[in-house]
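The chain contents come next:
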Amino acid sequence: MADLALNVRGLSVSYGSDGDRVRVLHDVDMQVARGRALGIVGESGSGKSTAALAVLGLLDKGAAIDAGQVLVDGRDLYAATAEERRRLRGGKVSIVFQDPFTTLNPAIRVGRQIAEPLMMHRGMNAAQAEAETLRLLTEVGIADPARMAASYPHQLSGGMKQRALIASALGCDPDLLILDEPTTALDVTIEAQILDLLEELRRTRALSILFISHNLGVVSRICDDICVLYAGRVVEQGPTRTVLSQPRHPYTKGLLASLPSLSVERRRLEAIPGRLPDQRQPQPGCIFAARCHFAQARCTAEPQALADAGNGTRNRCWRSEELQDTPWRVEAGASVERRPPAVDAPTVVDARGVARHFRSGSFIDALSLRWQGWRPAVAYRPHGVRAVDDVNLTIRAGEIVGLVGESGSGKTTLGRCLIDLVSPTAGDIRIDGQSLLAASRGAKRALLRNAQIIFQNPDSSLNPRMTVAQIVGRPLDQIGASGTDRDRRVRELLDLVRLGAGYADRYPHQMSGGEKQRVGIARALATRPKFIVCDEAVSALDVSVQASVLNLLLDLRDAFGLAYLFITHDLSVVSYVADRICVMRHGKLVEEGATASILGAPQHPYTTALLAAVPRVRLAEAPVRPTA
Amino acid sequence: MIGYVIKRLLSIVLTMAIMSVLIFWITQVMPGNVAYMILGDFAAPADIATLEAKLGLNDPAHVQYWRWASGLLRGDLGMSLVMERPIGPILADTVSKSAILAGISIGLVALVGIAVGVYAGVRHGKPADHVVSVATYLNIAVPEFLFAIVVVMLFAGYLNWFPATGYSDLSNGFGAWARHIVLPVATLVLGLMAHISRLTRSSMIDTMQSQYVRAARARGLSEWLVIRRHALPNALLPTITVLAIDVGIMMGGIVVVETIFSYPGLGRLLMFAIQNMDVPLLQACMIVITFVYAAANLTADLLYAFLNPRVRYGRSAGD
Amino acid sequence: MAAVPAIDAAPRRRRLPTSLIVGTGLLGAILLLAVLGPLLSPYDLDAMRIDLRLAPPSAAHWLGTDEFGRDVASRVLNGAQSSLLMGFGATAVSLAIGVPLGLVAGYYRGWTDEVIMRAVDVMISLPPIILGLLILSVTTPSLWKTVLAVGFVYVPIMTRLTRSVTLEVATEEYIQAARARVESGWYILFREILPNAWPPIIVESALRVTFAMLLAAALSFLGLGVQPPASDWGLMIAEARPFVTQAPWIVGGAGTALCVTVIAINLFGDGLREALDPRLSRRR
């Protein structure tokens, strides 16, 4: 443990003004040995991004280090002057942020932004820095570095931008590279490329890495060691393989149990009930006790220090040894039935030759000026996007069809066409045998009671000015329910989504993300539909919450024979819920088949590429080791 | 970029055309009998008939409009009823005088206002920022005409440093010209300073909190470099648009200021036309103001587009 | 699952912004004075005393007298009514026209949007004072015409603001959900969008009141607003201008009243923005 690139000792950080401080990191210890990669894993609110900023000395105004030390290369960051800290940044410690779209300055050419730290810390002149920039860009896999360096950020794709930012972070050969969710904003195939690049760089450069992510699969691929953060506390840490194969802390167990994996065999996911504790309230005992079903009286009373587990890991649970072999189990569920394609069930949705073209820009935008010899010629070339291009899709009662694709594939547009939120430019859509496009307004309203939608973003899908009862009750008003009958139905619906009638008078801001998503489901169920479009319905949720919503959706299907079009970018999720999978790319369905056959024997090369790109929690093979 | 320029030009031509109809309609067609308004309620019927014939008021509205508008397009602004002289030369003279006044003022406002805004934005939350905030807060509550009167009272009335009103041509010497123009310029600058400095400040604060500024800090750049290279170019881009809006506000200010200081510019001419019901002169003034303001906005839009790499270069690689 | 967890800590009570408290207090006092003005004023507004022309402030006349020997304090007190009426009245006019237009343009997009926004562009193609002058130049001036004209001048700003907020709210998924239920346009505009679009509109209106007051005062000052012998602040300043060196108290009295009122409303508006703007209340 002598040679540490980063040593964080007892770090506590809080935000806010006097009398209203929230402590977001509590007594955090973590070490990155030279040449090794430490992954920090946590769900939203775990404080993992704050940890990254604290290590850089870049905390926002209003944040304060209450206790602890950050030693970079043996030097105490917060004992140094601000000027010394500045010299460390970009030189000894560099960072790649999550969102490449906002991290590059839109007004400056990419090359200059990469060259900046070179001139700052390595004392290069402009020409040397430019040459080094091109070399760095080549190293991160850019085919045409000169063109890239001369570009402005808006001319590059997200993956390109992230490569440029990685090049910039590597420029001064940092002792520590911090990666803060570096692939979260990217599509899965791009993510895989960036992860390949990072693995490659680890091999060639012997980098010391602090890798922050919510995705266990990504972390298990890159990191030697792992550190699980919950509500600002390290609950478990140790070698990645050991922690993930023999989790000792109940939270780690729960996290792994709630993670859908890309496999044919389906065990029912186990969720973690409840929500993150209110960190403004003092928590005398174990921070996880409120959500832990192993919790005993002692857990809520006594604080728990990080203790050695004997297998090279450490955790904050005094029952960890006794519960060593007890898995996390909340819902008594066996495996989930994978239904064979229901050939005999009636067709609920039948879409034929559906297309949707968008013309981008106005008439004038489509005009362009060209010179023919010395004569100007104005040409009219409308820019169009074929968001959905001649798609056929049928969904039968009780069937869950997964629709996967990357951003821009047209999967959302297709979903919205099916419930008339977007009008197709061609084709025919039948719901329950009746044509949706030909229907009058009144007939459409009746028809769409059978076809509803659940949205992605729990913060956006509920009107913040309405109570849960109003939100769920509105579709009932439309079908003429009133008085006690309506109230009864609202209560039933809330029970159905496992919220209970106590939620009726709440406003959206008084609920957690998972609870809001359940309200959205209740609203969609109000008119007793036969078919629901789930548009990235669990993508915005943390893994532990996502599992419980997925299970709810499966149970509702079993109870009511609902059919879902489950739109998602996440193949693991779709492999868990779907009976049949459709793969979409550039507006077309490129492959369609039963889940088992898509996962087992994909036919289309794009499907193969997608499947290969999914980051899985790897327990068998050891993460890459630097060869240097 | 070419499409954008064509689009902006077309939309400005359209706007000007509709505005000209509106101006004409409001001043000539709408209020019933213009001749009555001009000659008063007790005018002899014969005089009214003569004036109506002279103005062509007996023709249908669209004929009248077309006569006026086609004159405009040929550069013929018509005759002033009161001064009985062609409007063109009168306008040329007053517009150039107002342009000098406005040009100096807007230049000063841009220079000082942006500097103050940037300074306050960088020092966000510090005492200097609070001083600027309070000062601009008070400044914004005071109307131009009050500034003008206070300035006249202090520097012309009590101190007698500058003349209270009037104008001296440059041909009478630079000193006299400058002495006459100091107080009007000071009033206009005071009237606009707060606006631009407040907007620059908030734009600067937003930029300083952006992710790319954080990234620049993470590269270890000095705070000065972070501000100069990363924050300023992005923060100052919106001020171009703000300056165009300020040109408009300043045109309003010019009416007030020229009236108070008896400065022989466009603003005073406009008030003269209104007070004397000189309809052709009023129409001409309004058209000129519309045109100048449209030109200012167009310049700002094009400058913005040119300085913004997103518009200048479009996108080449797909996202 | 049955047990409902307690609503945690409610939406945490944040301290009200100081500017809101001070602004509300000041504005309340001014409104009170405006209502009670006629009762409080010690002298008849139009009572002229030629022997007391341009008398400096004294115990009898706190703010002195004007060129007709009228009591300035009484007139300033009464002037509050017309200034506030013009500020709030004009804003109400611009809200009444601008908000529906903005909602429709922002939600329906397409041709409706194009037509409304082109009309707005035309109105904005003249600077505010000039547009006010154009509207008022051809009619005999009066208070309500000034209110209408000033209100009209600010319609484009309200339309643009409402439209931009509507565009933002319309992308929210609960609007999509309403459309998936085939709700009527009326319901979506006024029940789903408007309640969520209100905060920025309210804040802008509060600040717009001061712009309207200043614009109306400037128009009165130029002789196209409120007419003599009314006790309007802008008009009083215009009338007292020739005597400003001999009798600065008239301009001082009316000017201070105008500025203090404007500052009060601005404080109120900024406080409101701070209290309502989610961006300021968001942490981290």
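Residues numbered from 1 in each chain as written. Chains lettered and ligands numbered in written order. Predicted model: local features only at pLDDT ≥ 70, side-chain atom pairs only at ≥ 80, totals over all residues.

Caption draft 1: Focus on the overall build of chain A. Within chain A one finds 21 helices and 24 strands. Its C-alpha radius of gyration of 27 Å places chain A within 12% of the 25 Å reference for a compact globule of 628 residues. Counting the 628 residues in chain A, one finds 47% classified as buried. At a minimum sequence separation of 6, the contacts of chain A that also span at least 24 residues come to 71%. (Helix = DSSP H or I, 4+ residues; strand = E, 2+ residues; numbered from the N terminus. Rg over C-alpha atoms; globule rule 2.2 N^0.38 Å. Buried ≥ 20, exposed ≤ 12 C-beta atoms within 10 Å, placed from the backbone. Contact = placed C-beta atoms within 7 Å.)

Caption draft 2: Focus on the packing of helix α5 (residues 87-122) of chain B against helix α6 (residues 127-140) of chain B. Residues and elements named next belong to chain B. Running from N to C, α5 and α6 cross one another at 135°; their axes reach a closest spacing of 8 Å. As judged from the angle between their axes, α5 and α6 are oblique. For the pair α5 and α6, the sense of crossing is left-handed. Contacts from Val116, Tyr119 and Ala120 of α5 reach α6 at Ala128, Asp129, Val132 and Ser133. In the contact of α5 with α6, the residues fall into 5 nonpolar, 1 polar and 1 charged. (Axes fitted to C-alpha atoms, helices over the stretch in contact; angles between N-to-C directions. Parallel < 35°, antiparallel > 145°, perpendicular 65-115°, else oblique. Left-handed = near helix turned anticlockwise from the far one by under 90°. Nonpolar A, V, L, I, M, F, W, Y, C, P; charged D, E, K, R; others polar.)

Caption draft 3: Fine view of the interface of chain B and chain A. At the interface, 27 residues of chain B touch 34 residues of chain A. Within the residue set of the side of chain B that touches chain A, elements represented by two or more residues are α1 (2-29), α9 (211-218), α10 (223-261) and α13 (309-313) of chain B. Per-element accounting of the side of chain B that touches chain A gives the leading share, 6 residues, to α9(B). Of the residues assigned to the side of chain B that touches chain A, the class counts are 11 nonpolar, 9 polar and 7 charged.

Caption draft 4: Structural context of the interface of chain C and chain B. Of the residues lining the interface, 30 residues belong to chain C; the matching set on chain B comes to 37 residues. For the side of chain C that touches chain B, the elements supplying multiple residues, two or more each, are α3 (110-124), α4 (128-137), α8 (185-221) and α10 (248-276) of chain C. For the side of chain C that touches chain B, a count of residues per class yields 22 nonpolar, 6 polar and 2 charged.

Caption draft 5: Structural detail: the environment of Gly42(A). All names here are of chain A. Structurally, glycine 42 is set in the loop between β3 (37-41) and α1 (48-56). When the C-alpha atoms of glycine 42 and tyrosine 230 are compared, they prove to be 6.1 Å apart, with 188 residues separating the residues in sequence. With near-sequence residues (within four places) excluded, glycine 42 lies in contact with Lys48, His214, Val228, Leu229 and Tyr230.

Caption draft 6: Structural context of the nonpolar core. Core analysis: the largest hydrophobic core is formed by 330 residues, its most contacted members being Val55(A), Leu210(A), Phe566(A), Cys285(B) and Ile237(C). Excluding residues within four positions of it along the chain, Ile237(C) makes contact with Phe145(B), Leu146(B), Ile149(B), Phe221(C), Val251(C), Ala254(C) and Gly255(C). (Core = buried A, V, L, I, M, F, W, Y, C linked by C-beta atoms within 7 Å.)

Caption draft 7: Spotlight on the pairing of β3(A). Residues and elements named next belong to chain A. Burial analysis of β3 places 5 of its 5 residues in the buried class, the great majority of the element. Side-chain alternation along β3 places Ala37, Gly39 and Val41 on one buried face and Leu38 and Ile40 on a second face that is also buried. Both β3 and strand β8 (residues 209-213) contribute to a ladder of 5 bridges, which runs parallel. Directly across from glycine 39, in β8, lies its bridge partner phenylalanine 211. Bridge count between β3 and strand β9 (residues 225-230): 4 bridges; the pairing is parallel. Among the inter-strand pairings, glycine 39 is bridged to a residue of β9, identified as isoleucine 226. (Pairing = 2+ DSSP bridges.)

Caption draft 8: Main features of helix α17 (residues 513-525) of chain A. Residue and element names in this part refer to chain A. Look at α17: 19 Å from first C-alpha to last across 13 residues, which is about the 18 Å you get at 1.5 Å a residue. Extensive coverage of α17 is indicated by the burial of 12 of its 13 residues. Those residues of α17 lying buried are Gly514, Glu515, Lys516, Gln517, Arg518, Val519, Gly520, Ile521, Ala522, Arg523, Ala524 and Leu525. (Expected span 1.5 Å × (residues − 1).)

Caption draft 9: Inspection of the sheet that holds strand β11 (residues 307-308) of chain A at higher detail. Residue and element names in this part refer to chain A. Reading across from one edge, β6-β7-β8-β3-β9-β10-β12-β11 is the order of the 8 strands in this open sheet, with mixed pairing throughout. Each end of this open sheet is capped by a strand with a single partner; those strands are β6 (93-96) and β11. Two elements, β6 and strand β7 (residues 176-180), share 4 bridges in a ladder whose sense is parallel. Residue pairing across strands places isoleucine 95 opposite isoleucine 178, the latter belonging to β7. In the packing of α1 onto the sheet, the strands contacted are β3, β6, β7, β8 and β9, and the crossing angle to β7 comes to about 150°.

Caption draft 10: Quick peek at helix α18 (residues 543-560) of chain A. All names here are of chain A. For α18, with 18 residues, the first-to-last C-alpha span of 26 Å sits near the 26 Å given by 1.5 Å per residue. Taken residue by residue, α18 has Val543, Ser544, Val545, Gln546, Ala547, Ser548, Val549, Leu550, Asn551, Leu553 and Leu554 as its buried positions. Packing partners of the buried residues in α18 comprise α11 (250-257), α17, β21 (531-535), β22 (563-568) and α19 (571-577). Directly after α18, the chain includes glycine 561, whose backbone phi takes a positive value near 65°.

Caption draft 11: Summary view of unusual backbone geometry. Non-glycine residue Glu84(B) carries a positive phi angle of around 55°. Looking at the secondary structure, you find Glu84(B) in the loop between α4 (61-74) and α5. A residue is classified by how many C-beta atoms lie within 10 Å of it, and Glu84(B), with 7 of them, is exposed. The phi angle at Arg109(C) is positive, at roughly 55°, despite the residue not being glycine. Mapped onto the fold, Arg109(C) is located in the loop between α2 (72-108) and α3.

Caption draft 12: Expanded view of the sheet that holds β21(A). Residue and element names in this part refer to chain A. Strands sit in the order β20-β21-β22-β17-β23-β24 across an open sheet of 6 strands; the sheet is mixed. The open sheet is flanked by β20 (451-454) and β24 (588-594), the only strands paired with a single partner. Pairs of neighbouring strands in the sheet enclose a mean axial angle of 20°, with direction left out of account. With 5 bridges connecting them, β21 and β22 associate as parallel partners. Looking across to β22, one finds that cysteine 534 is bridged to phenylalanine 566.

This is a description of form; function is not addressed.
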